[in-house]
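Okay, here's what each chain looks like letter by letter:
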Amino acid sequence: MFGLDYSWLADSAYQQWLLMGVLNTLKLAAISSIAAMLIGMLGALGLTLRLFWLDALIELFVEVFRNTPPLLQMLFAYFTLSTLGLKVTDPSTGLSVPLLSAFACASIALSLFGGALAIEAFRSGIDTMPRSIIEAARSLGYGRWARFWRIEAPIAARICLPSLTNILTNLFKTTSQASVITVPELMYYAGQIYNDTFRTLEVMLLVLVIYVALVSILTFAMARLEAFMAFPGYGKGH
Amino acid sequence: MNRSDALIEIDGIRKSFGDFQVLKGISLSVQKGEAVCIIGPSGSGKSTILRCINGLIPIDEGFIRVGDHRVHEMKNEKQMRPLRHQVAMVFQQYNLFPHRTALENIMMAPVQVLGHDRAEVEARARALLKKVRLSEKAGSYPGQLSGGQQQRVAIARALAMHPEVILFDEVTAALDPETVKEVLLTIRELVEDGLTCILVTHEMKFAREVSHRVCFTDRGLIVESAPPVELFDNPQDPRTREFLGQVL
């Protein structure tokens, strides 16, 4: 059809590669998404303490990791950290190898990049909390922590959910850049396949469809979560 | 140890926000069971007085005592918690928690802050909803209630803490005229039950009918304080006369 040749897809070796690629992409996305959420929560929580040096530290972190390309961060983690001495000696071969694998480097870089964005998303949710709500909680005798967990956090979570969806979908797509530092994810295997078969257009079309499908599952789940968490008068609530 | 047997005793409190001195030496004492209305022009410091009483706003100078709590000596939120259990507050904008239903709004603080038994609190909350005539709205979220209904839930929420004092901060100012009545009726019942109330209000008729005493504030001072009949019918200070002339 349209002169496209997908006969290579019948080859079980290529099927295997695609499957491995998808699994590694999912693994990388899942690890970095969860880590990014945790970093985001901790960072935003840290900002609520209003300690001068902690604020400065968190803001520096956000500026550094939000304002640099994730690809650069991965390259830095992969090449520079091992040159700086993060190496171990493999006991079986006696060779000096980098302490962190390519996959670990990509996970760390993506977690920090997503974490920086997530801190900002959570912070915006907490900052837009009406002061009157906080005043009501204080007047009812809520202490700082109880107030945060019982009242501020549940409301803030709902406010920042749409921007969180944005961050997670972007993070998912950014995992494709890990192919540059040889992480065997979907994009990496796609390159392997078209180098083998020279069917670049066909392979890219298939990869495109796979990415659309995977990201759609994510955005669908997030939309459901948003609807589930909605309450009347805010966002999707009626 | 206490200067008088009043439930609430305020002496010479001063408070500035930046260069602006909002309270310039407010003194007031309130007996148990008394309903005191604070009236006066906007910006005269009425709401600030209420927020000083329950420690939401720290004062610069002066003395505040509520029961056995010396509010002016409290330095942090933790010390203020016993005070907050005793003093409840109802706000102009209701300030209900939007992510919880009416019933949950009432139950939250008694369960989460006071650590009371959940089943017992639920029974209490349902009784309070009945008292404010909103039994059928137990499962509604604040966003599904009218302003007047939200305000009555907020009153029930305050009552659920079993406070000795309730501070009402212009609680009808954001409501439309028809719903004002239902909220005022609820407050009137509380006063008749003998609950100590301090009300900042613009409802002169209500202040006259419900309160035992009315204080007129202007530019950070209590200019005149008297039983409602005296203050409304025979105001002594020219500023009180001028204000009443404008609003009545």
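This is a predicted model, so every value here is computed, not measured.

About the cut-offs
- Going along each chain's sequence as written, the residues are numbered from 1 onward.
- In the order they appear in the text, chains get letters beginning with A and ligands get numbers beginning with 1.
- Local features in this predicted model are restricted to residues whose pLDDT is 70 or higher, and side-chain atom pairs enter the listing and the counts only when it is 80 or higher, whereas totals over whole chains, interfaces and linings include all residues.
- Labels follow the DSSP assignment, with helices taken as runs of H or I lasting at least four residues and strands as runs of E lasting at least two, numbered in each case from the N terminus.
- Between the first and last residue of a helix there are one fewer steps than residues, each counted as 1.5 Å, and that sum is the expected span.
- Exposure is read from a count of other C-beta atoms within 10 Å of each residue's own; the residue is exposed at 12 or fewer, buried at 20 or more and partly exposed in between. C-beta atoms are placed from the backbone.
- In this context, the arc is that of the directions from the helix axis out to the C-beta atoms.
- Once C-beta atoms are placed from the backbone, any two residues with those atoms within 7 Å are in contact.
- Pairing between strands is defined by DSSP: at least two bridges between the two strands are required.
- UniProt positions are given in the numbering used here, feature names are shortened, and annotations may be inferred rather than shown by experiment.
- Here the term charged refers only to Asp, Glu, Lys and Arg, the term nonpolar to Ala, Val, Leu, Ile, Met, Phe, Trp, Tyr, Cys and Pro, and the term polar to all other amino acids, Gly among them.
- What counts as an axis is a line fitted to C-alpha atoms, over the stretch in contact for a helix, and the angles between N-to-C directions run from 0 to 180 degrees.
- When describing relative orientation, an angle under 35 degrees is termed roughly parallel and one over 145 degrees roughly antiparallel, while 65 to 115 degrees is termed roughly perpendicular and anything else oblique.
- Rotating anticlockwise by less than a right angle from the far helix to the near helix defines a left-handed crossing, while the corresponding clockwise rotation defines a right-handed one.

### Regarding helix 6 (residues 177-192) of chain B
Three or four residues apart is the spacing at which side chains of an α-helix point the same way, because the helix has 3.6 residues per turn.
All names here are of chain B.
Moving on, step 1. With 16 residues, helix 6 should cover 22 Å at 1.5 Å per step; its first-to-last C-alpha distance of 23 Å lies within 8% of that length.
Moving on, step 2. The set of residues buried in helix 6 consists of Val-183, Leu-184, Thr-186, Ile-187 and Leu-190. Taken end-on, helix 6 shows its buried residues confined to a sector of 155 degrees, consistent with a single buried face. The exposed set on the far side of helix 6, more than 90 degrees from its buried face, consists of Pro-177, Glu-178, Leu-185 and Glu-192.
Moving on, step 3. Buried residues along helix 6 sit in contact with helix 5 (147-159), strand 7 (165-169), strand 8 (196-200) and helix 7 (204-210).
Moving on, step 4. Looking one or two places after helix 6, you find Gly-194, whose phi comes out positive at around 95 degrees.

### Some remarks on the sheet that holds strand 2 (residues 20-30) of chain B
Hydrogen bonds between backbone groups are what pair the strands of a sheet, and the pairing can be parallel or antiparallel.
Moving on, step 1. One open sheet accounts for four strands, arranged 2-1-4-5 (chain B); its pairing is antiparallel. Both edges of this open sheet fall to strand 2 and strand 5 (69-70) of chain B, since each of them pairs with a single strand only.

### A short note on the UniProt feature "domain: ABC transporter" (unreviewed entry) in chain B
Moving on, step 1. UniProt's feature table lists "domain: ABC transporter" (unreviewed entry) at residues 8-244 of chain B, given in the numbering used throughout.
Moving on, step 2. For residues 8-244 of chain B, helix accounts for 39% and strand for 25%, while the C-alpha atoms at its two ends are 27 Å apart.

### As for the interface of chain A and chain B
Moving on, step 1. Each partner contributes residues to the interface: chain A has 22 residues there, and chain B has 23 residues.
Moving on, step 2. When contributions to the side of chain A that touches chain B are tallied by element, the ones reaching two or more residues are helix 5 (131-139) and helix 6 (144-174) of chain A.
Moving on, step 3. Counting residues per element, the side of chain A that touches chain B draws most heavily on helix 6 of chain A, which supplies seven residues.
Moving on, step 4. Partitioned by chemical class, the residues of the side of chain A that touches chain B number eleven nonpolar, six polar and five charged.

### As for the packing of helix 1 (residues 12-48) of chain A against helix 4 (residues 102-127) of chain A
Two quantities define a packed helix pair, namely the angle between the axes and the distance from one axis to the other.
Residue and element names in this part refer to chain A.
Moving on, step 1. Across the interface, helix 1 lies against helix 4 with an axial gap of 6 Å and an inter-helix angle of 40 degrees. If you check the angle between helix 1 and helix 4, you find them oblique. Here the hand of the crossing between helix 1 and helix 4 comes out right-handed.
Moving on, step 2. Across the contact of helix 1 with helix 4, the residue classes break down as 17 nonpolar, nine polar and one charged.

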